[in-house]
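# Coordinates in review
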Amino acid sequence: MEKIFNHILQMLKGKIMKKNFAIAGAFLAAMLLVTSVNNAEEETKKEAEIKCPIAGKVITKKVSAMYKGAKVYVCCGKCKKAIEADPSKHLTKINHQLVQTKQAKNVKCPIAGKKLNPKTKIELAGTTVAFCCDSCKSKVEGEADLDKKIELVFNEKAFKKGFKITKVNKKD
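A brief look at the structure comes next. (Residues numbered from 1 in each chain as written. Predicted model: local features only at pLDDT ≥ 70, side-chain atom pairs only at ≥ 80, totals over all residues. Heavy atoms only, no water.)

## Things to note about the pattern of salt bridges
We apply this condition: One side-chain nitrogen of Lys or Arg within 4 Å of one carboxyl oxygen of Asp or Glu is enough to make a salt bridge. Working definition: helices are DSSP H or I runs of at least four residues, strands are E runs of at least two. Numbering for both runs from the N terminus.
Tallied over the full model, the rule gives 1 salt bridge. Two residues, Glu156 and Lys68, come together in a salt bridge whose shortest N-O distance is 3.2 Å. Taken together, the residues span a long stretch of sequence, with Glu156 in helix H6 (residues 156-162) and Lys68 in the loop between strand E1 (63-67) and strand E2 (70-74) at a distance of 88 residues.

Written out as structure tokens, the structure is:
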């Protein structure tokens, strides 16, 4: 009888071990999936970080300068003074930030100034931008350098054609 009891006990232990192994495997798979998702989110977050248009440092939204009735976030008082003194040196980066902070909206094609085609949307440096046609979209997508893509879409001429300030802020 003891032999049968020990045999049954060994079988149960085997089943429990198999069950625990299966649970551990499922847990490990879930952890790998979470890690992969977190890494992808981290990469997206890095691309979408809002940076000072003067120094290129990540901002905290504590310091800002007014431009076109909207807030341009900067990393320090020195950069704030630089924008207030002469924003023209940094217009592309300022315009990009206004879209990135949702203070400006893509209302027309920044290349041709025509009505937007929602099928032409692309993700560009933390923003979503649409164009009027695949030809305008391909002008931007065909450019290999990210800074040149940003220049094509957010330079002052393109910004006037394709974007509208939607959130006007009062001066702090």
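## Things to note about helix H5 (residues 146-154)
Test applied: Buried, partly exposed and exposed residues are distinguished by accessible area as a fraction of the type maximum, computed with a 1.4 Å probe on protein chains only: under 20%, between the cut-offs, and over 50%, respectively. Throughout, the arc means that of the directions going from the helix axis to the C-beta atoms.
The complete set of buried residues in H5 reads Ile150, Val153 and Phe154. End-on view of H5: buried residues confined to an arc of 80 degrees, all on one side of the axis.

## With respect to the layout of surface pockets
Put simply, the rule reads: Here the term cavity refers to a set of points on a 1 Å grid, laid over the protein atoms alone, in which a 1.4 Å probe fits but cannot get out; the term pocket refers to an open set having protein on both sides within 12 Å along at least five of seven lines, with lining residues being those that place an atom within 4 Å of a point. Grid points are joined across faces, edges and corners, and a volume is the space filled by probe spheres set on the points. Ten residue types, Ala, Val, Leu, Ile, Met, Phe, Trp, Tyr, Cys and Pro, are classed as nonpolar, four, Asp, Glu, Lys and Arg, as charged, and the remainder, Gly among them, as polar.
In this model, the second largest pocket occupies a volume close to 240 Å³. Lining the second largest pocket are 14 residues, with Val99, Lys105, Asn106, Thr128 and Val129 positioned closest to its centre. If you list the elements that add at least two residues to the lining of the second largest pocket, you get helix H3 (91-100), strand E3 (104-106), strand E4 (117-124) and strand E5 (127-131). Broken down by element, the lining of the second largest pocket gets its largest block of residues, 4 residues, from E5. Taken together, the residues of the lining of the second largest pocket break down into 6 nonpolar, 5 polar and 3 charged.

## A look at the pairing of E1
Let me state the cut-off plainly: A pair of strands counts as paired when DSSP detects no fewer than two bridges linking them.
Pairing analysis gives 5 bridges linking E1 to E2, with the strands arranged antiparallel. Directly across from Ser64, in E2, lies its bridge partner Tyr73. Here E1 hands over to E2 after 2 residues, with Lys68 in that stretch at a positive phi of 55 degrees.

## Here we look at the environment of Tyr67
In this structure, Tyr67 sits in strand E1. Considered as a pair, Tyr67 and Ile83 are 16 residues apart in the sequence and their alpha carbons are 8.2 Å apart.

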